[in-house]
Amino acid sequence: MEAKANGPSVNAGRVMDGPTNPMVTPLLTDLYQFTMAYAYWKAGKHNDRAVFDLYFRKNPFGGEFTVFAGLEECIKLIANFKLTEEEISFICETLPGSCEEGFVKYLRNIDCSDVEVYAISEGTVVFPKVPLLRVEGPVAVVQLLETPVLNLVNFASLVATNAARHRLVAGKSKMLLEFGLRRAQGPDGAISASKYCYVGGFDATSYSDNAYGSSLFFTNVDSLSKLMFVLLVSVLCCVLASNVAAGRLFGIPLRGTHSHAFVSSFMSPDEILERSLHRSDGSSTCEDFVSLVQSWLSKIQWAKALGNTVGETNQSELAAFTSYALAFPNNFLALVDTYDVMRSGVPNFCAVALALNDLGYKSVGIRLDSGDLAYLSGEARKIFQIIEKEFGLLGFGKTSITASNDLNEETLDALNKQGHEVDCYGIGTYLVTCYAQAALGCVFKLVEINNQPRIKLSEDVSKVSIPCKKRCYRLYGREGYSLVDIMTGENEPCPKVGERILCRHPFNESKRAYVVPQRVEELLKCYWPGKSGKVREELPALKDIRDHCIKQLEQMRPDHMRRLNPTPYKVSVSAKLYDFIHFLWLNEAPVGELQ
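Residues numbered from 1 in each chain as written. Predicted model: local features only at pLDDT ≥ 70, side-chain atom pairs only at ≥ 80, totals over all residues. Heavy atoms only, no water.

Draft legend 1. Structural view of the overall build of the protein. Secondary structure assignment for the protein yields 19 helices and 23 strands. Counting only C-alpha atoms and orienting by the principal axes, one finds that the protein spans roughly 95 × 55 × 50 Å. Looking at the 595 residues of the protein, the share that counts as buried comes to 54%. Counted over contacts in the protein with a minimum sequence separation of 6, partners at least 24 positions apart contribute 76%. Accessible area of the protein: about 26,700 Å², with a carbon and sulfur share of 52%. Looking at the protein, you have 62 positive and 67 negative side-chain charges, and the mean spots of the two groups are 6 Å apart. (Helix = DSSP H or I, 4+ residues; strand = E, 2+ residues; numbered from the N terminus. Buried < 20%, exposed > 50% of the residue type's maximum accessible area, 1.4 Å probe, protein only. Contact = heavy atoms within 4.5 Å. Areas by Shrake-Rupley, 256 points an atom, 1.4 Å probe, with all protein chains shown as cover. Lys, Arg positive; Asp, Glu negative; His and termini not counted. Charge placed at Lys NZ, Arg CZ, Asp CG, Glu CD.)

Quick look at the structure:
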């Protein structure tokens, strides 16, 4: 399945699709955004040119990095930002007091044609205080964008970061499957989680192979409204224990197998009515695949190399595995812990896998969903290796082992320390619900209006905003790792390769350092030019965003990315911007008087 492009090219002349979730409209906002819009309009300030920064103050999960996500959905919202007559009527009924006809006319004409959006590329590793988005435009319009944009960025960035952390712990070689649909916070939480877990480095979203039976339906839903499509496929996905909807919407790879219910639904091999199976090349047909499986189970039970460790296995489980293999001979992956992993599940899987091998098929592997995963994966691997040697089946010893069962970062770390033979992890609840931290906490702050810099002060220094329209750069060192992010005033010269620049902590005067960058990357790019005439950055395909994220993680120093006690990454301002921040701070702070 190919990843999909996330928007038309600059000169395509087409209207950009709206947000994935049809509930993302101009009404997805706080009431005070509309009360402020009315007050701005009443005061004649609604067209004042404002600049807002969207940023966060602290990295999540006790770490020192965050992955930025959600930009595509923000741009889709902005491209389609328009109030309907019904929405305008509801707003006027909701606002306290009377709503003048002039304001109603103003609401009818609101769009984002005079808004400019500059953003860091989606999938980039980002840090506190650095603007993820800079939104410029008429103050009333930009205020109306505040809440939906925060909503679209906060969870997306949080779950992408959570996925990236799991990827770093698991390592590059392991496959990661997102298993979270049934535990996610509603259908949209599930769809968003699947999308942004993929951005953060997961390989696929998991589904039940029974979903193939519904594939014809999914190819014929274009005539339905987007709302009905999303709701309907989400309901079907819940029934199928899958996230086919995310695969359909975003082109995310789908993987999966069966559940315990499928295994326990069988009572004996006699229930299997259609027993024939064509060879993989179609050259002949095995008329009784069930008997072939039984003969292989007998060989395994009598194999001297296994030391008679394989006794009588559960026949209903064997029937389920056999039936599943008959349905999906090219994708046979068995859940082996319904009754007993080592005494039944693994031997039964091997019998079916060897029978499939006789007909030219290669089994995928097993899934462990309970028990001591380190021990069981190791024991299963030993049996696979013995069978490879005993029966001369090249490669069988490397049969894939997938582990699930409420896994999280700590579990993966513990498995690494214990030693294990797991090739693939299925991670659900702790991943998609971001169990370790509920929210990222992005904020949207005014930094300039009518070309006048503005600052928000607080007794908590971490909440003091950095004023004015800024440019943001990432400076890289000799080893290729990024050293520091630096913000400068809009009109300051760009840092140059090989030239020393003073980087200052925004608020702590003693924290400063000279940096001689070997590479300089400007972070903010124009993704929505409005009427400015500037060239608009393309919105890349989802797979390209994922690849960018993985590359970004590799460009960070390992000590910034480690799970425990990571080194804080330096975020700085130029000397000129530092002086201006503190000048404005002193100007805006009231002067007390002692009696």
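Draft legend 2. Main features of the packing of helix H5 (residues 139-170) against helix H6 (residues 186-199). Axis separation between H5 and H6 bottoms out at 8 Å; the angle between their running directions is 50°. Comparing the axis directions of H5 and H6 gives the class oblique. The interaxial crossing formed by H5 with H6 has right-handed handedness. Contacts between H5 and H6 pair Phe155, Ala156, Val159, Ala160 and Ala163 from the former with Gly189, Ser192, Ala193, Tyr196 and Cys197 from the latter. (Axes fitted to C-alpha atoms, helices over the stretch in contact; angles between N-to-C directions. Parallel < 35°, antiparallel > 145°, perpendicular 65-115°, else oblique. Left-handed = near helix turned anticlockwise from the far one by under 90°.)

Draft legend 3. Examining the UniProt feature "domain: Nicotinate phosphoribosyltransferase C-terminal" (unreviewed entry) in the protein more closely. As annotated in UniProt, the feature "domain: Nicotinate phosphoribosyltransferase C-terminal" (unreviewed entry) corresponds to residues 469-580 in the numbering used here. Secondary structure content for residues 469-580 is 21% helix and 32% strand, and the end C-alpha separation is 12 Å. (UniProt positions renumbered as here; feature names shortened; annotations may be inferred.)

Draft legend 4. Local environment of the packing of aromatic side chains. This structure, assessed with the given rule, holds 17 aromatic pairs. By way of ring pairs, the aromatic residues Phe321, Phe332, Phe349, Phe384 and Phe396 are connected into one cluster. Residue placement shows arginine 134 over the ring face of tyrosine 118; its charged tip is 4.4 Å from the ring centre. Directly above the ring of tyrosine 476 sits arginine 519, whose terminal nitrogen or CZ lies 3.8 Å from the centroid. (Phe/Tyr/Trp six-rings, centres within 6.5 Å; stacked < 30°, edge-to-face > 60°. Lys NZ or Arg CZ within 6 Å of the ring centre and 35° of its normal.)

Draft legend 5. Main features of the domain arrangement of the protein. According to the domain assignment, the protein contains domain 1 (31-163 + 437-588) and domain 2 (260-363). When each unit is reduced to the centre of its C-alpha atoms, the spacing between domain 1 and domain 2 is 56 Å. (Domains from an automatic or database assignment.)

Draft legend 6. Highlighting empty space enclosed by the protein. With the rule as written, the count across this model stands at 1 cavity of 30 Å³ or more. Approximately 40 Å³ is the volume attributed to the largest cavity. Together, Asp53, Tyr55, Lys129, Pro131, Val447, Ile466 and Lys470 line the largest cavity. Taken together, the residues of the lining of the largest cavity sort by class into 4 nonpolar, no polar and 3 charged. (1 Å grid on protein atoms, 1.4 Å probe; cavity = no way out; pocket = protein on both sides within 12 Å on 5 of 7 lines; lining within 4 Å. Points joined across faces, edges and corners; volume = space filled by probe spheres on them. Nonpolar A, V, L, I, M, F, W, Y, C, P; charged D, E, K, R; others polar.)

Draft legend 7. How the structure looks around the UniProt feature "domain: Nicotinate phosphoribosyltransferase N-terminal" (unreviewed entry) in the protein. As annotated by UniProt and renumbered to match this structure, "domain: Nicotinate phosphoribosyltransferase N-terminal" (unreviewed entry) occupies residues 27-154. Summarising residues 27-154: 45% helix, 16% strand, and an end-to-end C-alpha distance of 18 Å.

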